[in-house]
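# Commentary on secondary and tertiary structure
Residue-level listing of the chains:
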Amino acid sequence: AVGILAGWGLGMLFGMPFTPLQQLSPFILVGMGVDVLFVLVKSYEIIVARSPSMTMSDAFGQLMATSGVSAIITLLASMV
């Protein structure tokens, strides 16, 4: 919340108009993040179920190797 307010304040400081799009942008960004969150959480559950003894760093590395591209494609599709 503080980052959003700071961004709006800096925009106003530099003379950017405060538009309805700026008011909606935090909600749009959160919506885009939630889509990717579903992809990553499901993939993490699958990785942990396959090998429960895997360390957290190894599981995260495998998560990014297997689902990183899907997350990027989901983000790009949400932006369009």
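Before reading on, note that the structure itself is shown above.
## With respect to the packing of aromatic side chains
Per the counting criterion, the structure on display carries 1 aromatic pair. Residues W8 and F18 carry aromatic rings whose centres are separated by 5.4 Å and whose planes lie at 85 degrees to one another, so their mutual orientation is edge-to-face. Linking W8 in helix α1 (residues 2-13) with F18 in the loop between α1 and α2 (20-50), this pair joins segments that are 10 residues apart in sequence.

## With respect to the packing of α2 against helix α3 (residues 56-79)
At a minimum axis distance of 9 Å, the contact between α2 and α3 shows a crossing angle of 150 degrees. In terms of axis orientation, α2 runs roughly antiparallel to α3. Our pair here, α2 against α3, has a crossing hand that is right-handed. Taken together, the residues of the contact of α2 with α3 sort by class into 13 nonpolar, 7 polar and 1 charged.

## A short note on a nonpolar patch on the surface
A cluster of nonpolar side chains, L21, L24, F27 and I28, forms an exposed patch at the surface whose accessible area comes to about 450 Å². Along the chain, the position of I28 falls in helix α2. Classification of I28 as partly exposed rests on a relative accessible area of 43%.

## Some points on the environment of L40
Mapped onto the elements, L40 comes out in helix α2. For L40 and L63, which are 23 residues apart along the polypeptide, the C-alpha to C-alpha distance reads 7.3 Å. If we ignore the near neighbours within four places in the chain, the residues touching L40 are L63, M64, S67 and A71.

## Remarks on the pattern of salt bridges
Taken as a whole, this structure holds 1 salt bridge when the rule is applied. Of the charged contacts, one joins K42 and E45 as a salt bridge, the two residues approaching to 3.9 Å between their closest N and O atoms. With a gap of 3 residues between them, K42 and E45 both fall in helix α2, about one helical turn apart. Note on K42: relative accessible area 49%, which makes it partly exposed. Residue E45 is classed as partly exposed on the basis of its relative accessible area, which comes to 44%.

Calculation notes
- Residues numbered from 1 in each chain as written.
- Predicted model: local features only at pLDDT ≥ 70, side-chain atom pairs only at ≥ 80, totals over all residues.
- Heavy atoms only, no water.
- Phe/Tyr/Trp six-rings, centres within 6.5 Å; stacked < 30°, edge-to-face > 60°.
- Helix = DSSP H or I, 4+ residues; strand = E, 2+ residues; numbered from the N terminus.
- Axes fitted to C-alpha atoms, helices over the stretch in contact; angles between N-to-C directions.
- Parallel < 35°, antiparallel > 145°, perpendicular 65-115°, else oblique.
- Left-handed = near helix turned anticlockwise from the far one by under 90°.
- Nonpolar A, V, L, I, M, F, W, Y, C, P; charged D, E, K, R; others polar.
- Patch = residues over 30% accessible without salt bridge, like charges linked within 9 Å, V, L, I, M, F, W, Y side chains within 5 Å.
- Areas by Shrake-Rupley, 256 points an atom, 1.4 Å probe, with all protein chains shown as cover.
- Salt bridge = Lys/Arg side-chain N within 4 Å of Asp/Glu carboxyl O.
- Buried < 20%, exposed > 50% of the residue type's maximum accessible area, 1.4 Å probe, protein only.
- Contact = heavy atoms within 4.5 Å.

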